[in-house]
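For reference, the chains in residue letters:
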Amino acid sequence: MITKEYINKLKTEKNGKFSELLNPQEDNKHLLFILDNLGRLPQDFNGECFIPLLNHQNDKVRLLTVKNIGKLKNDYYLDYVSRVAYNDDNTMVRREALSAIGRMRSEKAIPLLIKKLKDSDPKVILQSIRALLVFKNNNSVRNRLKKLIKHPNEMIQYVINKEFINSNNGTKKKKQKHPESPAYMKNVIVRGDVRDALKHVPDESIHLTFTSPPYYNARDYSIYQSYKEYLEFLRSVFKAVHRVTKEGRFFILDTSPIIIPRVSRQHSSKRYPIPYDIHPFLVKMGWEFIDDIIWVKPEASVKNRNAGFLQHRKPLGYKSNARVENIMVYRKKTDKLIDWNIKQYDLQTTIKRSKVNEEYETSNVWRIDPVFDKKHSAVFPLELCNRIIKFYSYIGDLVFDPFAGSGTFGRAAINLNRYFFLTETEAKYIKRIKENIRQYNLSSTHIKPPQFLNLKTFILNSKV
Ligand SMILES: C[S@@+](CC[C@H](N)C(=O)[O-])C[C@H]1O[C@@H](n2cnc3c(N)ncnc32)[C@H](O)[C@@H]1O
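The rules behind the values
- Residues numbered from 1 in each chain as written.
- Predicted model: local features only at pLDDT ≥ 70, side-chain atom pairs only at ≥ 80, totals over all residues.
- Pairing = 2+ DSSP bridges.
- Helix = DSSP H or I, 4+ residues; strand = E, 2+ residues; numbered from the N terminus.
- Axes fitted to C-alpha atoms, helices over the stretch in contact; angles between N-to-C directions.
- Contact = placed C-beta atoms within 7 Å.
- Buried ≥ 20, exposed ≤ 12 C-beta atoms within 10 Å, placed from the backbone.
- Near = placed C-beta within 6 Å.
- Nonpolar A, V, L, I, M, F, W, Y, C, P; charged D, E, K, R; others polar.
- Parallel < 35°, antiparallel > 145°, perpendicular 65-115°, else oblique.
- Left-handed = near helix turned anticlockwise from the far one by under 90°.
- Domains from an automatic or database assignment.
- Arc of directions from axis to C-beta.
- Core = buried A, V, L, I, M, F, W, Y, C linked by C-beta atoms within 7 Å.

A.B. asks: Explain the sheet that holds strand β9 (residues 398–401) to me, please; I cannot follow it from the model alone.
C.D. replies: Consider a sheet: its strands pair through backbone hydrogen bonds, and that pairing is either parallel or antiparallel. Strands sit in the order β8-β6-β7-β3-β2-β9-β10-β1-β11 across an open sheet of 9 strands; the sheet is mixed. If you trace the sheet from one side to the other, it starts and ends with β8 (365–367) and β11 (451–454), each paired once. This sheet shows a mean twist of 20° between the axes of neighbouring strands, independent of strand direction. The pairing of strand β3 (residues 245–255) with strand β7 (residues 324–332) spans 6 bridges and is antiparallel. Residue Thr255 lies in a different strand from β7, and its bridge partner there is Asn326. Sitting on the sheet, helix α18 (residues 408–415) touches β1 (188–191), β2 (206–211), β9 and β10 (419–424), and the angle it makes with β10 is about 170°. Each of β1 and β11 touches helix α20 (residues 455–463); the most contacted strand, β11, lies at about 105° to it.

Listed below in structure tokens is the structure:
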């Protein structure tokens, strides 16, 4: 019985015994076990024993063989591996062959890698790009790679754009430091239309936006002439939110399809798939889709739509009770990784203090009871806002709700040592926010007392 220890011992010996282990006539299980457990290979390892296995009929054997040759990082094997990269009919094996060639970092591989930029599998092309980027100072390599910006695959376009087109080597605009935000917006509630307020907010001011937009004609505060006009309104708000959001930061939207009841028994009710209609334009305007979280409410808390079906039980007449809302998570599109955003903060103070050390929900199913408010018909539960703030912002950040309603998001922000910025059109809800503020924890160290402003004063403040 061959063990990992035995393989480890044999691979360092120079008596040829190891190559006997890789006899192509051995059964697949035996070969796979050895190839999978080879680990690191000594620098002077003789890889000739792998060559016969490159034509093995089992895909996995060929794949692991190529992988092990890659570990040798030696262009002596270039011809053998090139043949695999060209001729193997398994795309996974071809990808692995390209990866092995990349690890050789050999100029001799350039012509082959360039030919592979025409492979039918975008992942093979991406492997070739990766390998060629080692030689990106070579003009002909560079020019060839740049042409791929026209490739239909979005990942390929992204890499080429990041490496050559948008690589930030031009002059940079002077921006506010990432953790900072305009003082005149901190803990401010503006009574007015969010679209007017945002015209007086500089680019890249806000760290996080969480909101639930007005429902389409389902409540008194949201009357639009048509669904098209409603979607157009949301599009213009979310585009402005995109402009004022800092690079790589999050925009989180709570929506759900809504039902407009039937006019009479002769008509049917109409369901509007709001999340699905919003998503395409969000992506188009530069929000990158990150996550879909589902907020689940207890069945007893939602409207019963089952009464009819419960009686007649006839297929096609089934209607489900809507217990979920969609928490759609987007990030302002950027070449930078999340790690870049995190590194903008001070490790010892902000990062340490913002860590989520308590137990947390690991799945995308969030079971949270809804809250009913005497003044506003659609308020966020505080728990929902708390999770969003803790998972998607740092202490001292500026967080925004463009459709503030009763201002629950602002309340959560204060409790969690973030600054808030809220906009709301309706006077009665502004009043509700004021009442709510009494419950705010104003003992927090960074606190700046909340300011209620009309649009005019906000605009004046923005100019100071
Ligand atoms: C679904 S409610 C938000 C409720 C809120 N999440 C809460 O916790 O109370 C939407 C709110 O958007 C407000 N609104 C509608 N159009 C607006 C606009 N153009 N600018 C600012 N607020 C607006 C409505 O008055 C309503 O209070």
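A.B. asks: What is the right way to look at the environment of Leu133 in this model?
C.D. replies: Here Leu133 is to be found in the loop between α8 (122–132) and α9 (139–146). Its 15 C-beta neighbours within 10 Å are what place Leu133 among the partly exposed residues. Along the chain, Leu133 and Gly102 lie 31 residues apart, while their C-alpha atoms are 9.4 Å from each other.

A.B. asks: Sorry if this is basic, but what is going on with the site of the ligand here?
C.D. replies: Within the structure, the ligand sits among 19 residues, and Val194, Phe380, Phe403, Gly405 and Ser406 are positioned closest to it. Class assignment of the residues belonging to the shell around the ligand gives a composition of 8 nonpolar, 8 polar and 3 charged.

A.B. asks: Help me understand the packing of helix α4 (residues 59–71) against helix α6 (residues 91–104) in this model?
C.D. replies: Two measures define how a pair of helices packs: the angle their axes make with one another and the distance between the axes. The contact between α4 and α6 brings their axes to 8 Å, and the two run at 10°. Between α4 and α6, the interaxial angle falls into the category roughly parallel. Every residue of α6 that contacts α4 at Asp59, Arg62, Leu63, Val66, Lys67, Ile69 and Gly70 is listed here: Met92, Val93, Glu96, Ala97, Ser99, Ala100 and Arg103. Tallied by class, the residues present in the contact of α4 with α6 amount to 7 nonpolar, 2 polar and 5 charged.

A.B. asks: What should I look at first to understand the packing of α8 against helix α10 (residues 154–165) in this one?
C.D. replies: Axis separation between α8 and α10 bottoms out at 9 Å; the angle between their running directions is 15°. With respect to their mutual orientation, α8 and α10 come out roughly parallel. The chirality of how α8 crosses α10 is left-handed. Contact with α8, carried on its side by Pro122, Ile125, Leu126 and Ile129, involves Met155, Ile156 and Val159 of α10 and no other residues of that element.

A.B. asks: What exactly am I supposed to notice about the domain arrangement of the protein chain here?
C.D. replies: Interfaces are often sized by the accessible area lost when the parts come together. When the domains of the protein chain are assigned, the result is domain 1 (4–138) and domain 2 (183–463). On a C-alpha basis, the centroid separation for the pair domain 1 and domain 2 is 50 Å.

A.B. asks: How do you make sense of helix α3 (residues 28–36) when you look at a structure like this?
C.D. replies: Every α-helix carries 3.6 residues per turn, so stepping three or four residues along brings you back to the same face. Looking only at α3, the buried set comprises Leu31, Ile34 and Leu35. Projection of α3 onto a plane perpendicular to its axis shows the buried side chains occupying an angular sector of 95°, all on one side. Buried positions along α3 lie against α1 (4–12), α2 (17–21) and α4.

A.B. asks: What's the story with the nonpolar core in this structure? I'm lost.
C.D. replies: Generally speaking, a soluble globular protein has its nonpolar side chains buried in company with each other. Counting residues in hydrophobic clusters, the biggest one holds 54 residues, and the most contacted among them are Ile252, Cys385, Val399, Phe409, Ala413, Phe420 and Phe421. Not counting the four nearest positions on each side in its chain, Cys385 is found in contact with Phe210, Phe380, Thr408, Phe409 and Ala412. By size, the runner-up hydrophobic cluster in this structure holds 36 residues, among which are Leu72, Val93, Val124 and Val159.

A.B. asks: Just checking my understanding: could you explain the pairing of β1 for this structure?
C.D. replies: Two faces make up the sheet, and in a regular strand the side chains alternate between them. Side chains Val188 and Val190 project from β1 onto one buried face, and the interleaved Ile189 and Arg191 project onto a second face that is buried too. Across 4 bridges, the pairing between β1 and β10 is parallel. Following the sheet pairing, Val190 is matched in β10 by Thr423. Two strands pair when backbone bridges link them, and β1 and β11 are joined in this way by 4 bridges, in the parallel orientation. Directly across from Arg191, in β11, lies its bridge partner Asn454.

A.B. asks: Explain the environment of Phe380 to me, please; I cannot follow it from the model alone.
C.D. replies: Within the fold, Phe380 resides in the loop between β8 and α17 (382–392). Phe380 sits 168 residues away from Ser212 along the chain, and the two C-alpha atoms are 8.3 Å apart.

A.B. asks: What is the right way to look at the pairing of β10 in this model?
C.D. replies: Among the 6 residues of β10, 6 are classified as buried, and the element is accordingly described as predominantly covered. Along β10, one buried face is formed by Tyr419, Phe421 and Thr423 and the opposite face, lined by Phe420, Leu422 and Glu424, is buried too. Pairing analysis gives 4 bridges linking β9 to β10, with the strands arranged parallel. The residue of β10 that forms the bridge with Leu398 is Tyr419.

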